[in-house]
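# Observations on the three-dimensional arrangement
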Amino acid sequence: MAQRPDRSARHALADRLRPLTLRIIHLVATAPEATEGTEEDDQDGESVLALVKAMPGNVSLESMLQEIRKLRAIRAIGLPSGLFVDVAPKVLASWRQRAVVESPSHLRRRSPESALLVEREREVTDCLVDLLIATVHRIGARAEQRVTNELINAFKRVSGKENLLFQIAEASLAEPGGEVREVVFPAVRGGEQTLKELVHEYRTKGPVYRRTVQTTLKASYTNHYRKGLIELLGVLEFRSNNTAYRPVIDALDLVTRYAKAGNTTYYPLGETAPGHRGTKGQWAELVYRADKRGRRRVVRMIYEVATFQALREQLRCKEVWVVGAGRWRNPDEDLPGDFEACRVEHYRELRKPLDAGEFIGQLRREMTEALTMLDVALPGLDWVEIKERASGSIKFTAPEAQEEPRNLRRIKAEVGRRWTAVPLIDMLKEAILRTGCLKAVTSVAGSGTLLEEVLAERLMLAIHAYGTNTGIRSVAGGAHGHSEEEIRYTRRRYLTLEAARQIAVEIANATFAARDSDLWGAGSTAVASDSTHFRSWDQNLFTEWHSRYGGRGVLVYWHVERGSVVVHSQTLRASASEVAAMVEGAIRHGTTMSVEGNYVDSHGQSEIGFAVTRLLNVDLLPRIKQINRVKLYRPVAGEPSTYPNLQAALTRPIRWDVIDANYDQVIKYATAIRTGTASTEAILSRFTRAASHPAYQAMLEIGRAQRTIFVARYLRDRALQREIEEGLNVVEAWNRANAVIYYGKGGEISTSRREEVEMAALCLRILQASLVYVNTLMLQDVLAEPAWADQLGPADRRGLTPLFWSHVRPYGEVRLDLATRLPLGPAPVPTQAG
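Residues numbered from 1 in each chain as written. Predicted model: local features only at pLDDT ≥ 70, side-chain atom pairs only at ≥ 80, totals over all residues. Heavy atoms only, no water.

## Side note on the overall build of the protein
Assigned secondary structure in the protein consists of 32 helices and 16 strands. The buried share of the protein, taken over its 834 residues, is 53%. Total accessible area computed for the protein in this model is approximately 38,600 Å², and 50% of it derives from carbon and sulfur atoms. (Helix = DSSP H or I, 4+ residues; strand = E, 2+ residues; numbered from the N terminus. Buried < 20%, exposed > 50% of the residue type's maximum accessible area, 1.4 Å probe, protein only. Areas by Shrake-Rupley, 256 points an atom, 1.4 Å probe, with all protein chains shown as cover.)

## Quick notes on the nonpolar core
Counting 173 residues, the largest nonpolar core has Met460, Leu495, Ile503, Met699, Phe710 and Met778 as its most contacted members. In terms of residues, this core owes the most to one element, helix 30 (residues 754–783), which gives 19 residues. In contact with Phe710, other than residues within four places in its own chain, are Phe610, Leu620, Leu621, Pro622, Ile624, Leu720 and Ile724. By size, the runner-up hydrophobic cluster in this structure holds 69 residues, among which are Val52, Leu252, Ala259 and Ala273. (Core = buried A, V, L, I, M, F, W, Y, C linked by side-chain atoms within 4.5 Å. Contact = heavy atoms within 4.5 Å.)

## So, the packing of helix 19 (residues 452–468) against helix 30
Where helix 19 contacts helix 30, the two axes come as close as 7 Å, and the packing angle between them is 105°. Taken as axis vectors, helix 19 and helix 30 run roughly perpendicular relative to one another. On helix 30, the residues touching Ile463, His464, Tyr466, Gly467 and Thr468 of helix 19 are Glu756, Met759, Ala760, Cys763, Leu764, Ile766 and Leu767. Here the residues of the contact of helix 19 with helix 30 are counted per class, giving eight nonpolar, three polar and one charged. (Axes fitted to C-alpha atoms, helices over the stretch in contact; angles between N-to-C directions. Parallel < 35°, antiparallel > 145°, perpendicular 65-115°, else oblique. Nonpolar A, V, L, I, M, F, W, Y, C, P; charged D, E, K, R; others polar.)

## Here we look at the pairing of strand 12 (residues 597–600)
Neither face of strand 12 is exposed, since Gly597 and Tyr599 on one face and Asn598 and Val600 on the opposite face are all buried. Direction of pairing for strand 8 (residues 526–535) relative to strand 12: parallel, over a ladder of four bridges. Following the sheet pairing, Ser529 is matched in strand 12 by Val600. The pairing of strand 12 with strand 13 (residues 619–622) spans four bridges and is classified as parallel. In the sheet register, Asn598 faces strand 13, and the bridge partner there is Leu620. Handedness of the β-α-β unit built from strand 12, helix 25 (residues 607–615) and strand 13 comes out right-handed. (Pairing = 2+ DSSP bridges. Right-handed = clockwise from strand over helix to strand, strands pointing away.)

## Some words on the packing of aromatic side chains
Applying the stated rule across the entire model yields 14 aromatic pairs. Put simply, the rings of Phe339, Tyr347, Phe359 and Tyr663 pair up and form one aromatic cluster. When the ring centre of Tyr288 is taken as origin, the NZ or CZ atom of Arg296, which lies over that ring, is 4.0 Å away. (Phe/Tyr/Trp six-rings, centres within 6.5 Å; stacked < 30°, edge-to-face > 60°. Lys NZ or Arg CZ within 6 Å of the ring centre and 35° of its normal.)

## What about unusual backbone geometry?
Phi at Asn469 is positive, roughly 65°, even though this residue is not glycine. Mapping Asn469 onto the fold places it in the loop between helix 19 and helix 20 (472–476). On the basis of relative accessible area, Asn469 is assigned to the buried category, the value being 7%.

## Looking at the environment of Pro694
Note on placement: Pro694 falls in helix 28 (residues 694–716). With 29 residues separating them in the primary sequence, Pro694 and Gln665 have C-alpha atoms 8.8 Å apart.

## Quick notes on the pattern of salt bridges
Counted according to the given criterion, the structure contains 56 salt bridges. With a closest N to O distance of 2.4 Å, Arg515 and Glu561 form a salt bridge. A residue pair is termed long-range when its members are at least 10 positions apart, and Arg515 in the loop between helix 22 (497–514) and helix 23 (517–520) and Glu561 in strand 10 (residues 551–561) qualify at 46 residues. Under the relative-accessibility criterion, Glu561 is labelled buried at 1%. Arg623 is paired through a salt bridge with Glu725; the nearest N and O atoms lie 2.7 Å apart. On the criterion of sequence distance, the pair formed by Arg623 in the loop between strand 13 and strand 14 (632–634) and Glu725 in helix 29 (residues 718–741) is long-range, its members being 102 residues apart. Classification of Arg623 as buried rests on a relative accessible area of 19%. Bridged by salt links that share partners, the residues Glu607, Arg652, Arg655, Glu701, Arg704 and Arg707 form one connected network. (Salt bridge = Lys/Arg side-chain N within 4 Å of Asp/Glu carboxyl O.)

## Some remarks on empty space enclosed by the protein
One pass over the structure, following the stated rule, counts four cavities of 30 Å³ or more. Grouping the amino acids of the lining of the largest cavity by side-chain chemistry returns six nonpolar, two polar and two charged. (1 Å grid on protein atoms, 1.4 Å probe; cavity = no way out; pocket = protein on both sides within 12 Å on 5 of 7 lines; lining within 4 Å. Points joined across faces, edges and corners; volume = space filled by probe spheres on them.)

## Some words on the confidence of the model for the protein
Chain-level pLDDT for the protein is 85 on average; 85% of the residues reach the 70-or-more range. Overall, residues 151–156 carries pLDDT values under 50, and its contacts beyond four positions in sequence, including any with other chains, amount to 10 contacts. This model gives residues 828–834 a pLDDT under 50, and the stretch forms 16 contacts once residues within four places in sequence are excluded. (pLDDT = per-residue confidence, 0-100.)

## Let's talk about the side chain of His276
Summarising the element assignment, His276 is placed in the loop between helix 12 (246–257) and helix 13 (284–287). On the basis of relative accessible area, His276 is assigned to the buried category, the value being 3%. Here the side chain of His276 touches Thr307 through a polar contact of 3.1 Å, side chain to side chain. In this view, His276 contacts Pro247, Val248, Ala251, Tyr303, Ala306, Thr307 and Ala310; residues no more than four positions away in its chain are not counted. (Polar contact = N/O pair within 3.5 Å; in protein donor to acceptor, adjacent residues only side chain to side chain.)

## What to know about the packing of helix 29 against helix 30
One way to put it is that helix 29 packs onto helix 30 with a least axis distance of 11 Å and a crossing angle of 110°. By the criterion of interaxial angle, the relationship of helix 29 to helix 30 is roughly perpendicular. Residues Trp734, Ala737, Asn738 and Ile741 of helix 29 form the contact with helix 30, whose participating residues are Leu764, Leu767, Gln768, Ala769, Leu771 and Val772. Residues of the contact of helix 29 with helix 30, tallied by class, amount to eight nonpolar, two polar and no charged.

Take a look at the structure:
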């Protein structure tokens, strides 16, 4: 439980809150006594508190105007900056949680709602930035779609264009004095019609098409979205720490000054319209236009569209930031404030030398050694060939399938015979009672009054309801004696996201402790990570379209160790960086496992990913999808003939001078990720192609060097290839288990509240962790008998996994009785539910 501030700090806080008392009382007094967590919007007499608690809708003009109204309502309370500067983040989070779950009548006797207001002001500001980014993207995407749909019926791709010019030239030279219709048309297959289609294709894909899209975009912005975006400029304050991006800030000031200038086409003569990236290139022809007198003028509406598009790109890489935001705050605040004073300690924690030359020397030596070993071994490797090819210089053959385990099916059948059709709720109950993982769960509103056994039962029912997606109402109809309202009350007051996360961690740790090392081997230090796509209600900002899965939903990113124990999970937007999620889970999983390696699929790796994991001492082990096109960088310049067998795959040398010049800054960013001064995604958002941050180039060079080391090692090491494939197979099996456990409502997350989405993912994680924990004990019971243990061959031991469910019954009526237990071997079993 979060530690409360000391007495002097509480008195100081009370003094700061006293001037706000009347305004806060009014905030609560107008709130209706409604059901906790309700989302209804009473437009006639809506209280400020109800407005503040409401979650944002989907990407639309209405959602933007609603969030602007919400932010203004919070600011009207007049909360001073630094109100909770001396309060620990965990304490502030507990106060905020209390304000969310308690009824307004209880809030009148306390002041936790001030913590809610402070947190919500930051969150609403972030939501508005998200809405701005998504809205500007939507305007452009829909304009392109509209123009494309209009042209698609007339559009026909002309094949063989590379031969047309030759045919026309040959015919023209043969009869230079002839007529086009008689000489040129017959020379082209299809004649005049083919040339018409070719001209039409050029127009639909060339500058004419782009201008049509831009004109359509401007019309969509002017007629619909402009109202919200202009109003948004009145509540958000944009800043930049980079003078190169100052023109966009100045352009926003210009847009704001003339926002209500009526139907004027141009900005006034003599007004300076700052030029920026958005007004250049293809947009320049539309932004700058000659008026009736031939004077070069700036078209106001098109300038606004171009400015918002430039703002979007610079917000995404945090070159422009927003005052009062959380995720979109000043990027300098993401970095550790004590870095200069504690530089030596931070370098020591990362196990990196203070001298950039020493770091570069070690990295260069590893590159040289890896490339040399591959170059020497290549002639004897029958699965890889490197030579010049149009499709890519590396030709790679994946490892052949290994021997299939012969006896695992019989062992799993024996588990099913001994423990027939075990209800999923019993697996959860057994894991919770044996691990005692509920002992740290407390009420968010202070001391709880529920009996320990009653609390345990209700928490199990709530976890089962969320983890199977059947819902609390369905679970409440089972044989256990707890009503729907009682389970919902326990969920609101006790089962917070942090509590659910800790329960999952405790079960994972208990699984590690319960393993028989003779059966499962030494503890693993590698995890596999991948995402699962869940369809989800889309009336919110969190749900997005995912092109790979072809639908709207969210991603849950899992980190699963090789023994099928999940050590971390994250709920992500579809557009979120899987590289950032991979790094976050590898270093902040919270279990007793020491993660030194991470298997990922192609989506979880990049040059930046290789750089960050190198700095954080995690071995990134990806399966690279298009390895045939990968280029190997040279460690030293001026030696073109080195590595003769690799010449076709080699490219330029690493720019070590860039790393040397920015080494300290790179370590600073790695320290920020390690210490958690900001989310990994927020920090890595600076390192995108649209960014110009100097540390970005250094990160790229480190990543290129590290990827070269990995690829050279991967291509020659058959054991490593199999290891990565086996690790990824584990997380793929984990994803298959999701469909079995999370079966309710067709596997669709039927809520638009982000906290509920995250709770569903965490409870699914708890159920799967419980399944693996109990299956581990069952397998150990069976294999403790020599008759069964002797049947395990090398292939069986390699394929042995506790992630199977043929003996589990996830469906049917939920029956819960703490007095009945699964017959398992000796293990410490708590006598009570805590």
